[in-house]
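Topology and contacts: notes
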Amino acid sequence: KQEVTQIPAALSVPEGENLVLNCSFTDSAIYNLQWFRQDPGKGLTSLLLIQSSQREQTSGRLNASLDKSSGRSTLYIAASQPGDSATYLCASSGSARQLTFGSGTQLTVLP
Amino acid sequence: KAGVTQTPRYLIKTRGQQVTLSCSPISGHRSVSWYQQTPGQGLQFLFEYFSETQRNKGNFPGRFSGRQFSNSRSEMNVSTLELGDSALYLCASSLTSGYTYEQYFGPGTRLTVT
């Protein structure tokens, strides 16, 4: 059974810093890995999807990498802004035909 | 293109009642999945529907059921509500089944059981 872990659970940084969020998974036989953002009380916004054959994906200030052999993905946020404050979730999909989510990293960017 | 919509956004029900939640996927998407989010358990998969057929089911009791219509809209039903059913219920749509495509989530329905 796939297990997804995100460390740290919470992170607070000053505005302008570059930061890395970590995601690890136990079963490397994944179809893809998806990063989401969730604002308090709201739904999930898809940020980046990395297919199992890919090593990384970029969108604006966001860059996500995938290393299946080590069971790790990272989300890099460049030049963080207060508007980036949210909970970031990673989720893997595979033969179980569902998304398995980590518990999330709550990010606070201080002005 | 309109996103995933869910109705209602908020619901308050009493223990023992039943509730129906609705989800309209992105136009052209045929797969709809449902997830429950609670502070204690995080996000947990309920079920997936594709072409009006349930393709996969999570580890939830039979009180949780769903269906999909020919226009891909989906409903989930929870009968005999319990306090522990209080949660944010999220639906996600995707082009097709199999979870190889990107999942797009709606804003959720916040269910409170008193």
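Residues numbered from 1 in each chain as written. Chains lettered and ligands numbered in written order. Predicted model: local features only at pLDDT ≥ 70, side-chain atom pairs only at ≥ 80, totals over all residues. Heavy atoms only, no water.

Further remarks concern the sheet that holds strand β8 (residues 74-78) of chain B. Residues and elements named next belong to chain B. Overall, antiparallel pairing links the four strands, which are arranged β1-β3-β8-β7 in an open sheet. The strands lining the two open edges of the sheet, one partner per strand, are β1 (5-7) and β7 (64-68). Strand-to-strand, the axes of this sheet are offset by a mean angle of 20 degrees, without reference to chain direction. Note: β1 against strand β3 (residues 19-24), three bridges, orientation antiparallel. Paired with Thr5 across the strands is Ser24, a residue of β3. (Pairing = 2+ DSSP bridges. Helix = DSSP H or I, 4+ residues; strand = E, 2+ residues; numbered from the N terminus. Axes fitted to C-alpha atoms, helices over the stretch in contact; angles between N-to-C directions.)

Counted under the stated rule, the structure contains six salt bridges over all chains. Between Arg37 of chain A and Asp39 of chain A there is a salt bridge whose closest N-O contact spans 3.0 Å. Between Arg67 of chain B and Glu75 of chain B there is a salt bridge; the shortest N-O distance is 3.2 Å. According to the relative accessible area criterion, Arg67 of chain B is partly exposed, its value standing at 46%. (Salt bridge = Lys/Arg side-chain N within 4 Å of Asp/Glu carboxyl O. Buried < 20%, exposed > 50% of the residue type's maximum accessible area, 1.4 Å probe, protein only.)

With that settled, the discussion passes to the state of the cysteines. Across all of its chains, the model carries two disulfides over all chains by this definition. Between the sulfur atoms of Cys23 of chain A and its disulfide partner Cys90 of chain A the distance amounts to 2.0 Å. An S-S torsion of about 80 degrees defines the bridge between Cys23 of chain A and Cys90 of chain A as right-handed. Placement of Cys23 of chain A in strand β3 (residues 19-25) and of Cys90 of chain A in strand β9 (residues 86-94) is noted, with a sequence separation of 67 residues between them. When its relative accessible area of 3% is taken as the criterion, Cys23 of chain A is described as buried. Since its relative accessible area comes to 0%, Cys90 of chain A is described here as buried. Each sulfur in the disulfide pair Cys23 of chain B and Cys91 of chain B lies 1.9 Å from the other. Taking the sign of the S-S torsion, about 65 degrees here, the bridge from Cys23 of chain B to Cys91 of chain B comes out right-handed. Within this pair, whereas Cys23 of chain B is found in strand β3, its partner Cys91 of chain B is found in strand β9 (residues 87-94), the two being separated by 68 residues in sequence. The same class applies to Cys23 of chain B as to Cys91 of chain B, namely buried. (Disulfide = S-S within 2.5 Å.)

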